[in-house]
Amino acid sequence: MRGDRIKDDSGTSILIEYILSLTITAILFTILLLLLGNVISTTERVILDEQLGIIAGDIANRLALASTNVYNNQYNDNYYGNLIADYTVILDLPPAVRGDHYLIQINYSDASKTGTVKVAWGSNVDVNRTATFHSDTGVANTTLFYNTGNKGKIFYPDSNSKIALMVF
């Protein structure tokens, strides 16, 4: 009778199959989460780049417009023959980028009469966008941190100065 018994391995096979299925499922789920995180990160980077590009372009356009107004008008009052000072434009800068401040850097070359506006994200200055502008009136080289709630001001205080940007 003892020789008639057949060894039953079905319990072991089911356990091994269960462990392998669970392992494969865990690996696939981990890969799915990593891919999803990568897609979200890439999407956020694209949106962040676009937002910084819009800010840089807006500031560059406003600096060029201020330059045109100053250069064309020369702040000269023909009736009195004296210089008019204190040209000011208030900017409503966008709120902080992704919950953080951003850095605005203006570089201007008097020789070429061109400049750049570089806007960088405060948490990672490697994430930045640059816009160029032309200005016949000199523009002060500045670096500013912008935080939520502040306003920007482009101004030209007098005939001996340069156009400047400040945050207040």
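Residues numbered from 1 in each chain as written. Predicted model: local features only at pLDDT ≥ 70, side-chain atom pairs only at ≥ 80, totals over all residues. Heavy atoms only, no water.

A.B. asks: What is the right way to read the overall build of the protein from this model?
C.D. replies: Broken down by element type, the protein carries one helix and nine strands. Counted from the first residue to the last, the protein has its helices and strands arranged as α-β-β-β-β-β-β-β-β-β. Looking at the 168 residues of the protein, the share that counts as buried comes to 27%. Here the analysis covers contacts within the protein between residues at least 6 apart in sequence; of these, 56% occur between residues at least 24 apart. Entry remark: accessible area of the protein is about 11200 Å², with carbon and sulfur atoms responsible for 57%. (Helix = DSSP H or I, 4+ residues; strand = E, 2+ residues; numbered from the N terminus. Buried < 20%, exposed > 50% of the residue type's maximum accessible area, 1.4 Å probe, protein only. Contact = heavy atoms within 4.5 Å. Areas by Shrake-Rupley, 256 points an atom, 1.4 Å probe, with all protein chains shown as cover.)

A.B. asks: I would appreciate a short explanation of the sheet that holds strand 6 (residues 124-134) in the present structure.
C.D. replies: In a beta sheet, neighbouring strands pair by backbone hydrogen bonds and run either parallel or antiparallel. Pairing within the open sheet is antiparallel, and its four strands lie in the order 6-5-4-7. Each edge of the open sheet carries a strand with a single partner, namely strand 6 and strand 7 (142-146). Neighbour-to-neighbour, the strand axes of the sheet open up by a mean angle of 20 degrees, direction not taken into account. As paired strands, strand 4 (residues 102-109) and strand 7 are joined by five bridges and run antiparallel to one another. When the sheet's bridge partners are listed, Q105 is paired in strand 7 with T143. (Pairing = 2+ DSSP bridges. Axes fitted to C-alpha atoms, helices over the stretch in contact; angles between N-to-C directions.)

A.B. asks: For this particular structure, what's the right way to read the environment of V89?
C.D. replies: Among the structural elements, V89 can be located in strand 3 (residues 87-91). Residues V89 and F155, spaced 66 residues apart in sequence, show a C-alpha to C-alpha distance of 6.3 Å. Once you skip the residues sitting within four places of it in the chain, V89 turns out to touch R62, G152, K153 and I154.

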